[in-house]
Amino acid sequence: MYKQNNHAANETEEQNVLRERRKYLSVCAIGMFFIGVIYGWSIFKAPLGEEFGWSQQQLSLCYTLSICCFCAGSLTAGLCNFRHVPVRYLLMASVIMVITGYTITAGLQAHQIMLLYISYSVLAAGGMGIAYNVLLATGNSWFPDKKGTSSGIMMMLFGFSTMILGQIASSMFAMPAFGWRRTYLLLGAAIAAVLLFCAFYLRCPDRETPLPAPKAKIKGKPVEYREYTVGETIRRPSYWLFYLYGTLGGCIGSTAINFSRELALTLGAQAALATTLVGILSICNGLGRIISGLLYDWKGQRFTMTLVSIANILAPSLMLAALWKQSLLLGAATLCLSGFTYGAIPTISSAFIGTFYGSKDFALKYSLGNTKGIISSFAVTLASYLLAVSGSYQAPFTMLLVFAVIAFVLSFTIRRP
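Because the structure is a prediction, the values reported are computed rather than measured. (Residues numbered from 1 in each chain as written. Predicted model: local features only at pLDDT ≥ 70, side-chain atom pairs only at ≥ 80, totals over all residues. Heavy atoms only, no water.)

**Student:** What's the story with the overall build of the protein chain in this structure? I'm lost.
**Tutor:** On a plain count of helices and strands, the protein chain comes out with 16 helices and 2 strands. In terms of overall size, the protein chain behaves like a compact globule, its C-alpha atoms giving a radius of gyration of 21 Å where 417 residues would be expected to give roughly 22 Å. C-alpha atoms of the protein chain, sized along the principal axes, occupy 75 × 45 × 35 Å. Taken over 417 residues, the protein chain has a buried fraction of 56%. (Helix = DSSP H or I, 4+ residues; strand = E, 2+ residues; numbered from the N terminus. Rg over C-alpha atoms; globule rule 2.2 N^0.38 Å. Buried < 20%, exposed > 50% of the residue type's maximum accessible area, 1.4 Å probe, protein only.)

Put into structure tokens, the structure is as follows:
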């Protein structure tokens, strides 16, 4: 009788912990959904270019700076987490930066392009970068046994943001009652409100919380799991080989996101369809995040990275064919593939770091690796320069094809430390 009662008590405790894990993961995923608008720049920049006459290169630079500040914010959160700064304080800092950034952006005038870079890129994007790291690390801390899946769920919502919030914002831009200025204000307030809720609701599991044991797979087979310190992690060649792999792969997605609306218009799409295609890219971004996470947990690192590498090669290849044939269908396929691979890379990165180097100080390990997004963002500026010089999208996408082939080769050099 005692054994039966003890077994029933253990089952009840496990069920309660599972509910708690899912609850915190859901809140983190909702927070990720709202900060995912960082990748909707091709939609959000449109009214700024129309009203102020700012060039494609000027607005592309804003995107590049946004990604740099987003990654810098993520790194700052990782360092603060390493110093045991509470989650609540970090998210509160994010709330202040986001609401301030969007409020200033909503009041911009034509001669204030530098203020745009400060308000939107430094403040808003930097604040969202802080929240990104905190939410991802907190959600993953509850799922040491399913890092690929938990990362994928959160990042899927992050990727879906542009499709839903971007479409809503695009519709509000055209409404006299809102316009782009009021839309920016409302969006900033909504993001800040959600992050404020997260700040007071979320917590990480303590040492007494009964969680499943961590798992790691290479080539689909379980392997020994080990915790590495931050210093040990960054001294591993595999860490930097993956860093370069992710950097090159990220160049393709970030460039496609920045050019997506203009590419669709170039290939003959109407304005409404072009905006819809940006949203479809966002859906594929979200699907790439959850599918790659599930594949990573199921089939392992090598299979998942190889699949994403092949898709990375196909994406610029199809775009070059689309430009040659002036095919909107091929162009749309390119945007879908680019969104998928761009979404897959951060999920793989999160799972890769967690399974190769352990959960200890994950926030700092991940944020250091996430700085590859800063380098990838400069591909957008370089691609804009190539476009301006050549007058054609063929030059930048040829560059991206070369990057994809190098990343494919690199994927076979990464070994478990």
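Now that the structure has been shown, we can carry on.
**Student:** What is the right way to look at the nonpolar core in this model?
**Tutor:** Core analysis: the largest hydrophobic core is formed by 98 residues, its most contacted members being Ile-35, Trp-41, Tyr-102, Leu-116, Met-128, Tyr-184 and Ile-191. With residues up to four places along the chain from it excluded, the contact list for Trp-41 reads Leu-48, Leu-59, Cys-62, Tyr-63, Leu-116, Tyr-120, Tyr-184 and Asn-258. If you look at the next biggest cluster of nonpolar residues, it comprises 17 residues, including Leu-263, Ala-315, Tyr-393 and Phe-397. (Core = buried A, V, L, I, M, F, W, Y, C linked by side-chain atoms within 4.5 Å. Contact = heavy atoms within 4.5 Å.)

**Student:** What's the story with the pattern of salt bridges in this structure? I'm lost.
**Tutor:** Taken as a whole, this structure holds 3 salt bridges when the rule is applied. The closest approach of N and O atoms between Arg-203 and Glu-20, which form a salt bridge, is 2.7 Å. Of this pair, Arg-203 sits in the loop between helix 8 (179-201) and strand 1 (217-218) while Glu-20 is found in helix 1 (residues 2-35), placing the two residues 183 residues apart along the sequence. Judged by its relative accessible area of 30%, Arg-203 falls in the partly exposed class. Close ionic contact of Glu-262 with Lys-45 constitutes a salt bridge, the shortest N to O distance being 3.6 Å. Of this pair, Glu-262 sits in helix 10 (residues 237-266) while Lys-45 sits in the loop between helix 2 (41-44) and helix 3 (46-52), placing them 217 residues apart in sequence. (Salt bridge = Lys/Arg side-chain N within 4 Å of Asp/Glu carboxyl O.)

**Student:** Any chance you could explain a nonpolar patch on the surface here in plain terms?
**Tutor:** A contiguous nonpolar patch, built from Ile-104, Leu-115, Ile-118 and Val-122 and spanning about 280 Å² of accessible area, is present on the exposed surface. The dominant element in the nonpolar patch, judged by the number of residues it contributes, is helix 6 (residues 113-141), at 3 residues. Residue placement: Val-122 occurs in helix 6. The class for Val-122 is partly exposed, based on a relative accessible area of 41%. (Patch = residues over 30% accessible without salt bridge, like charges linked within 9 Å, V, L, I, M, F, W, Y side chains within 5 Å. Areas by Shrake-Rupley, 256 points an atom, 1.4 Å probe, with all protein chains shown as cover.)

**Student:** For this particular structure, what's the right way to read the packing of aromatic side chains?
**Tutor:** Note on aromatic pairs: each is described by the distance of the centres and the angle between the planes. Applying the stated criterion across every chain yields a total of 29 aromatic pairs. Seen in terms of ring centroids, Phe-173 and Tyr-184 are 6.3 Å apart; in terms of plane orientation they differ by 20°. Their pairing is stacked. Taken together, the residues span a long stretch of sequence, with Phe-173 in helix 7 (residues 147-173) and Tyr-184 in helix 8 at a distance of 11 residues. Each member of the pair, Phe-173 together with Tyr-184, is buried. Geometrically, the ring pair formed by Phe-242 and Tyr-245 is tilted, given 5.7 Å between the ring centres and 40° between the ring planes. In this pair, Phe-242 and Tyr-245 both sit in helix 10, 3 residues apart, roughly one turn of the helix. (Phe/Tyr/Trp six-rings, centres within 6.5 Å; stacked < 30°, edge-to-face > 60°.)

**Student:** Explain unusual backbone geometry to me, please; I cannot follow it from the model alone.
**Tutor:** Glycine aside, negative phi is the norm for most residues, and most peptide bonds take the trans geometry. Positioned with a positive phi, Gln-326 is a non-glycine residue whose angle comes to about 50°. Inspection of the secondary structure puts Gln-326 in the loop between helix 12 (301-325) and helix 13 (328-357).

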